[in-house]
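Breakdown of the fold
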Amino acid sequence: MRRSGTIARQVLWVRAGRHDGGLRAGADRPLIERRFPKRRYPRYDAEVEAIVPVSPAVVPAPLADEVAAIVPISPAVVPALPVDEVAAMVPVSPAVVPAPPADGVAAIATPLLPGARTAARRMKFVLVNGCTLASLILGMLAIFLAMQGEVRPAALCLIACVACDGLDGALARRLGVASPFGAQMDSLADMCSFGLAAPVVVYASLAGSVPPAAAAVACALVASCAAIRLARFNVSPKDGRFFCGVPTTMAAAMLALTVAIGLPVSGLVLLGGVALLAFAMVSSFPYAKLARLVKLPPWVWLAPVVGALVDIRLTFALVVAGYLLSGPVLWLRQRRTI
């Protein structure tokens, strides 16, 4: 107790001397040494340094070990240590974790065909994606035929594209080989066949009946809306009952049948219908899927069948108009129920 009290008085003397403007570092040392001889307190300097915190940057070399045991030293002045020892003591942020080797990345990559990779499943996988590639090739053929002025054969190729697009999805679900790779392949093929080939065929069919600039704008609008529609479909949650907007497959089928049967309407009316169909693809109106349409009562299908026997062009125009109007009607009905 007496020793600790003596050290405390020494610290007070030192602080009082530093507080006084008349004392300096060189002037207060003789006074302290005279009052407290070194023969009685040989470790005065070390004990004062151990009580008063000292910056690690100015610690004398002989006292570094003693001060390090009491005062934590900043990491900036820690001596260099081996990497393994530092990693064992200091947790490393996940943001700076070394990249895994290439083999590890390849090991966690998503396979093209999830599940068992048997020969039978691979053949089914190839068959389904073959239908998707057939749709893509038929779309390119439609573009080539339209460039040569053969618009009706080109429209028939688009109808075949619609059939292949519906077939590959049905086969993938039926055979159990649906995969993210197949979904991306289908989306890219749809963009080529329905987002590019269909507008090219429509542009070729409008040649001579409307100004080329107006036809180009309408067809570019169809291509742009088809790209937006497909991208939104890929990232949006799926609804089993309705489409959000007219699907690109349905829009391409309407355009192809319009060109194939040759509706007896003016070019300006047809141009307006193409623009309206483009906006319907990116709208938020709910449109019934084909599975729901098939479940309609038989008498609903009887009228279009009889109408097609009488006048197929007029019946087709009425069916298309009714389908496009069904979206706003269902939307208003949902708003009223909410």
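Residues numbered from 1 in each chain as written. Predicted model: local features only at pLDDT ≥ 70, side-chain atom pairs only at ≥ 80, totals over all residues. Heavy atoms only, no water.

**Some details on the overall build of the protein**
Counted only if it meets this: Strands are runs of DSSP state E lasting at least two residues, helices are runs of H or I lasting at least four, and both sets are numbered from the N terminus onward. Exposed residues in this analysis have more than 50% of their type's maximum accessible area, buried residues have under 20%, and partly exposed residues fall in between, with area computed by a 1.4 Å probe over protein chains only. It only takes one pair of heavy atoms within 4.5 Å for two residues to be counted as in contact. Every accessible area reported is derived by Shrake-Rupley at a probe size of 1.4 Å, with residue values counting cover from the shown protein chains alone.
In terms of regular secondary structure, the protein is built from 15 helices and 2 strands. Put simply, the protein has 338 residues, and 31% of those count as buried. If you take every contact in the protein between residues at least 6 apart in sequence, the share linking residues at least 24 apart comes to 74%. Carbon and sulfur atoms make up 70% of the accessible area of the protein, which amounts to about 21,600 Å² in all.

**Observations concerning the layout of surface pockets**
To be explicit about the condition: Residues are called lining when one of their atoms sits within 4 Å of a cavity or pocket point, these points coming from a 1 Å grid over the protein atoms alone, where a cavity is a set in which a 1.4 Å probe fits but cannot get out and a pocket is an open set with protein on both sides within 12 Å along at least five of seven lines. Grid points are joined across faces, edges and corners, and a volume is the space filled by probe spheres set on the points.
Considering only enclosed or pocket space, the second largest pocket measures out at about 540 Å³ in volume. Around the second largest pocket, the lining is made up of 26 residues, and of these Gly-273, Leu-276, Val-320, Ala-321 and Leu-324 lie nearest the centre. Going through the elements one at a time, α11 (248–261), α12 (267–281) and α15 (312–337) are the ones with two or more residues in the lining of the second largest pocket. No other element matches the 9 residues that α15 contributes to the lining of the second largest pocket.

**With respect to the nonpolar core**
Note the cut-off: Take the buried residues of types Ala, Val, Leu, Ile, Met, Phe, Trp, Tyr and Cys, join any two whose side-chain atoms come within 4.5 Å, and each joined set is a nonpolar core.
In terms of nonpolar packing, the biggest core is built from 46 residues, with Ala-142, Leu-158, Val-201, Val-246, Leu-255, Leu-277 and Met-281 touching the most fellow members. Sequence-distant contacts of Val-201, that is, excluding residues within four places in its chain, are made with Ala-142, Ala-146, Val-151, Ala-154, Ala-155, Leu-158 and Val-259. Residues Leu-113, Val-128, Ala-172 and Val-177 belong to the second largest nonpolar core, which totals 5 residues.

**What to know about the packing of helix α8 (residues 151–175) against α11**
Geometry of a packed helix pair, given as the angle between the helix axes and the separation of the axes. The criterion, for reference: Here an axis means a line fitted to C-alpha atoms, over the contact stretch when the element is a helix, while the angle between two N-to-C directions is reported on a 0 to 180 degree scale. When an angle is under 35 degrees it counts as roughly parallel; over 145 it counts as roughly antiparallel; between 65 and 115 it counts as roughly perpendicular; any other value is oblique. By definition, any crossing whose near helix is turned counterclockwise from its far helix by less than a right angle is left-handed, and any crossing with a clockwise turn is right-handed. Any residue outside Ala, Val, Leu, Ile, Met, Phe, Trp, Tyr, Cys, Pro, Asp, Glu, Lys and Arg is labelled polar, Gly included; the first ten of those are nonpolar and the last four are charged.
At a closest axis distance of 8 Å, the pairing of α8 and α11 adopts a crossing angle of 150 degrees. Taken as axis vectors, α8 and α11 run roughly antiparallel relative to one another. Remark: the crossing between α8 and α11 carries left-handed chirality. Touching Val-151, Arg-152, Ala-155, Leu-158, Ile-159, Val-162 and Asp-165 of α8 are Thr-249, Ala-253, Ala-256, Leu-257, Val-259, Ala-260 and Ile-261, all from α11. Residues that form the contact of α8 with α11 fall into these classes: 11 nonpolar, 1 polar and 2 charged.

**Considering helix α10 (residues 212–235)**
The condition is simple: By definition here, a helix of n residues has an expected span of 1.5 Å times n minus one.
With 24 residues, α10 extends 35 Å from end C-alpha to end C-alpha; this agrees with the ideal 34 Å at 1.5 Å per step. Looking at α10, one finds that the buried residues are Ala-215, Ala-218, Cys-219, Val-222, Ala-223, Cys-225, Ala-226, Arg-229 and Leu-230. Those residues of α10 that are buried are in contact with α9 (180–205), β1 (242–244), α11 and α12.

**Looking at α12**
Every α-helical turn comprises 3.6 residues, leaving residues that sit three or four positions apart pointing alike. In this model, α12 (15 residues) spans 21 Å end to end at C-alpha, consistent with the 21 Å of a helix rising 1.5 Å per residue. What α12 keeps buried is the set Gly-267, Leu-271, Val-274, Ala-275, Leu-277, Ala-278, Ala-280 and Met-281. Summarising the contacts, the buried residues of α12 are in contact with α9, α10, β1, α11, β2 (286–288) and α15.

**Notes on the environment of Met-185**
Structurally, Met-185 is set in helix α9. Considering only alpha carbons, one finds Met-185 and Asn-129, 56 residues apart in sequence, at a separation of 7.7 Å. With near-sequence residues (within four places) excluded, Met-185 lies in contact with Asn-129, Thr-132 and Leu-133.

**Considering the confidence of the model for the protein**
The predicted coordinates ought not to be read in detail in places where the model reports low pLDDT. Threshold: Confidence of the predictor at the level of single residues is captured by pLDDT, which takes values from 0 to 100.
Averaged over the protein, the pLDDT score is 76; the fraction of residues at 70 or greater is 67%. Ignoring residues within four places in sequence, the model shows residues 18–36, a span with pLDDT below 50, making 10 contacts including any to other chains.

**Thoughts on a nonpolar patch on the surface**
The line we're drawing: Nonpolar side chains (Val, Leu, Ile, Met, Phe, Trp, Tyr) are joined into patches within 5 Å and like charges within 9 Å, using only residues with over 30% relative accessible area and no salt bridge. Salt bridge, as used here: a side-chain nitrogen of Lys or Arg that lies within 4 Å of a carboxyl oxygen of Asp or Glu.
A cluster of nonpolar side chains, namely Met-140, Leu-141, Phe-144, Met-147 and Val-200, defines an oily patch on the protein surface of about 460 Å² accessible area. With 4 residues, helix α7 (residues 119–147) is the largest single contributor of residues to the nonpolar patch. Among the secondary structure elements, Phe-144 is positioned in helix α7. Given the relative accessible area of 45%, Phe-144 is considered partly exposed.

**Notes on the side chain of Arg-229**
As a reminder of what qualifies: The sign given to each residue is positive for Lys and Arg and negative for Asp and Glu; His and the chain ends receive no count. Two N or O atoms count as a polar contact when they lie within 3.5 Å, although within protein this holds only if one can serve as hydrogen donor and the other as acceptor, and sequence-adjacent residues are included solely when both atoms are side-chain atoms.
Note on placement: Arg-229 falls in helix α10. Buried Arg-229, no salt bridge; nearest opposite-charge side chain is Asp-190, N-O distance 9.1 Å. A distance of 3.5 Å separates a polar atom in the side chain of Arg-229 from the backbone oxygen of Cys-244. Once you skip the residues sitting within four places of it in the chain, Arg-229 turns out to touch Phe-243, Cys-244, Gly-245, Val-246, Pro-247, Thr-248, Met-281 and Val-282.

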